[in-house]
Amino acid sequence: MISSDKTTALGPVLVAFAAFCWGLSGGIAGFLMAQGWDALVVSFYRGAIGLLFVLVWLLLRSHASGLGGQRLWFWSVIAGLGVAGNFSFYFLSISEGSVAVAATLMYCAPIFVLLVSFTLKLERPTPFKWVAITLVMLGVVLLTEVYKLGSGSVTPLAVGAGLLSGLSYALFIFGFKFAAPHGSPQAILAIAFTVFVLLFVALGGQGQALAVLSAPNWLLFVLLGVLGAGLSFILYIVGLKSTPPALAAMVAMVEPVTASLFGVVVLSENLVAVQLFGMALILVTVTALSVYSRT
């Protein structure tokens with residue numbers, strides 16, 4: 001047992017470590033896809049191994065799961081569609097571009113959440129929020145070099161997939177938010193990851209997934225699943241309970257920074273000065289917006 005004081009002290013550390021694991025998982029996925037593995041297969045192993053971890057967590061903490069409630073299932077399925085889109089589009093963006101660009105574009109998810117909240121009148125627009133949205137859009141333009149009219153280093157497919165991964169992550173956030181009052185986090189994640197696995201099976205990708213079991217780099221797939229979903233999601237949720245929202249928003253920036261460093265150091269990816277400025281603009285603005293909104 002850990003005392004409440006120690007839990008409070010460990011909260012930000014757990015959140016930071018989870019974000020670090022997510023960043024590493026993006027780099028590992030980039031390495032696997034560089035070896036010829038399909039983005040969908042790579043994302044499947046991330047979700048499938050994550051499902052195994054969450055099911056064990058659910059069995060150990062089965063009280064007040066809320067699995068008998070219809071609202072929990074409805075919103076958890078929505079969250080599952082968000083997980084499926086986030087994992088798949090994120091890895092597709094990496095395979096078509098770079099880890100650094102894909103991770104940064106996915107980090108734009110709070111902007112999508114904000115725009116949807118404006119539309120649904122869940123949040124009131126303010127000048128600060130509109131300025132933040134404008135700065136992030138400017139950062140995306142600089143990062144992806146779309147102003148070069150097709151001669152940039154990032155393909156349109158990589159940009160589109162990266163933004164869709166962020167949009168899917170926003171869908172997961174909304175699904176999880178509305179499911180939370182009706183059940184436990186482990187129950188929500190169990191349903192969400194199950195939806196993702198079932199979608200993969202429906203698309204007929206079992207053959208490629210089975211080929212991984214006899215591949216020489218199968219251990220990397222296991223590591224991807226453990227770091228990218230299995231261990232990280234559990235640590236993040238546990239740590240979030242004792243971490244102030246503003247601090248959690250700042251600590252979350254560890255993910256895109258870790259993924260970007262992995263891409264540059266291990267995968268030999270290069271970013272020009274303008275792209276680095278665009279990346280910094282996005283990360284700083286989104287973090288400031290998250291801190292401002294949650295405070």
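Not measured: the values here are computed from a predicted model. (Residues numbered from 1 in each chain as written. Predicted model: local features only at pLDDT ≥ 70, side-chain atom pairs only at ≥ 80, totals over all residues. Heavy atoms only, no water.)

1. Regarding the overall build of the chain
Stage number 1. Broken down by element type, the chain carries 13 helices and 0 strands.
Stage number 2. Going from N to C terminus, the chain has its helices and strands arranged as α-α-α-α-α-α-α-α-α-α-α-α-α.
Stage number 3. Its C-alpha atoms give the chain a radius of gyration of 19 Å, within 12% of the compact-globule value 19 Å for 295 residues.
Stage number 4. Considered along the principal axes of its C-alpha atoms, the chain spans approximately 55 × 50 × 35 Å.
Stage number 5. Residues classed as buried in the chain amount to 51% of the 295 residues present.
Stage number 6. Here the chain displays about 13,800 Å² of accessible surface, and carbon together with sulfur accounts for 73% of that area. (Helix = DSSP H or I, 4+ residues; strand = E, 2+ residues; numbered from the N terminus. Rg over C-alpha atoms; globule rule 2.2 N^0.38 Å. Buried < 20%, exposed > 50% of the residue type's maximum accessible area, 1.4 Å probe, protein only. Areas by Shrake-Rupley, 256 points an atom, 1.4 Å probe, with all protein chains shown as cover.)

2. Regarding the nonpolar core
Stage number 1. Judged by nonpolar contacts, the single largest core of 59 residues is most densely connected at V42, F91 and F193.
Stage number 2. Apart from the residues within four sequence positions on either side, F193 is in contact with G47, G50, L51, V54, V83, F87, A229 and F233.
Stage number 3. Residues A100, L105, Y107 and M279 belong to the second largest nonpolar core, which totals 23 residues. (Core = buried A, V, L, I, M, F, W, Y, C linked by side-chain atoms within 4.5 Å. Contact = heavy atoms within 4.5 Å.)

3. Observations concerning a nonpolar patch on the surface
Stage number 1. Taken together, the side chains of L67, W73, V77, L81, L171 and L199 define a hydrophobic patch exposed on the protein surface, amounting to about 460 Å² of accessible area.
Stage number 2. Residue contributions to the nonpolar patch peak at 3 residues, all from helix α3 (residues 70-96).
Stage number 3. Mapped onto the elements of the fold, V77 is located in helix α3.
Stage number 4. Accessibility expressed as a relative area gives 31% for V77, which makes it partly exposed. (Patch = residues over 30% accessible without salt bridge, like charges linked within 9 Å, V, L, I, M, F, W, Y side chains within 5 Å. Salt bridge = Lys/Arg side-chain N within 4 Å of Asp/Glu carboxyl O.)

4. Some words on the pattern of salt bridges
Stage number 1. Evaluation of the coordinates by the stated rule reveals 1 salt bridge.
Stage number 2. With a shortest N-O distance of 2.8 Å, E123 and K129 are connected by a salt bridge.
Stage number 3. The exposure class assigned to E123 is partly exposed, which follows from its relative accessible area of 25%.

5. With respect to the confidence of the model for the chain
Stage number 1. When pLDDT is averaged across the chain, the result is 88; 93% of the residues are at 70 or more.
Stage number 2. Predicted confidence in the chain is weakest over helix α11 (residues 245-251), with a mean pLDDT of 76, and strongest over α3, with 95. (pLDDT = per-residue confidence, 0-100.)

6. Some words on the packing of aromatic side chains
Stage number 1. Going through the model one piece at a time under the given rule, you end up with 18 aromatic pairs.
Stage number 2. Judged by centre distance (5.2 Å) and plane angle (85°), the rings of W37 and F221 are edge-to-face. Residue W37 is found in the loop between α1 (4-34) and α2 (39-60), and its partner F221 is found in helix α10 (residues 218-240); the two are separated by 184 residues along the sequence. With respect to class, W37 is no different from F221; both count as buried.
Stage number 3. Ring centres 5.3 Å apart and planes at 85° place the aromatic pair F44 and Y45 in the edge-to-face group. Each member of the pair, F44 together with Y45, is buried.
Stage number 4. Put simply, the rings of W22, F87, Y169, F172, F176, F193, F196, F233 and Y236 touch in pairs and so form one group of aromatic residues.
Stage number 5. Over the ring of F87 we find R46, and its NZ or CZ is 4.0 Å from the ring centre. (Phe/Tyr/Trp six-rings, centres within 6.5 Å; stacked < 30°, edge-to-face > 60°. Lys NZ or Arg CZ within 6 Å of the ring centre and 35° of its normal.)

7. Considerations on the packing of α2 against helix α8 (residues 185-202)
Stage number 1. It is the contact of α2 with α8, at a shortest axis distance of 8 Å, that shows an interaxial angle of 145°. α8 is crossed by α2, and the crossing has left-handed handedness. Touching L40, V41, S43, F44, G47, A48, G50, L51, V54, L55, W57 and L58 of α2 are P185, Q186, A187, L189, A190, F193, T194, F196, V197 and F200, all from α8.
Stage number 2. When grouped by side-chain class, the residues that make up the contact of α2 with α8 number 17 nonpolar, 5 polar and no charged. (Axes fitted to C-alpha atoms, helices over the stretch in contact; angles between N-to-C directions. Left-handed = near helix turned anticlockwise from the far one by under 90°. Nonpolar A, V, L, I, M, F, W, Y, C, P; charged D, E, K, R; others polar.)

8. Description of unusual backbone geometry
Trans peptide bonds make up the majority, and among non-glycine residues the majority have a negative phi.
Stage number 1. We note that A64 has phi near 55°; this positive angle belongs to a residue other than glycine.
Stage number 2. Residue classification places A64 among the exposed positions, given a relative accessible area of 64%.
Stage number 3. Unusually for a residue other than glycine, S268 sits at a positive phi of about 60°.
Stage number 4. Topologically, S268 is positioned in the loop between α12 (254-265) and α13 (273-294).

9. Overview of α10
An α-helix turns once per 3.6 residues; consequently, residues spaced three or four apart project the same way.
Stage number 1. For α10, with 23 residues, the first-to-last C-alpha span of 32 Å sits near the 33 Å given by 1.5 Å per residue.
Stage number 2. If you look at α10, its biggest bend is around 45°, right at S232. (Expected span 1.5 Å × (residues − 1). Bend = angle between axes of the 7 residues up to and from the residue.)

10. Topic: the side chain of S117
Stage number 1. Here S117 shows up in helix α5 (residues 109-119).
Stage number 2. Ignoring any residue separated from it by four or fewer positions in sequence, one finds S117 in contact with L122, E123 and F174.

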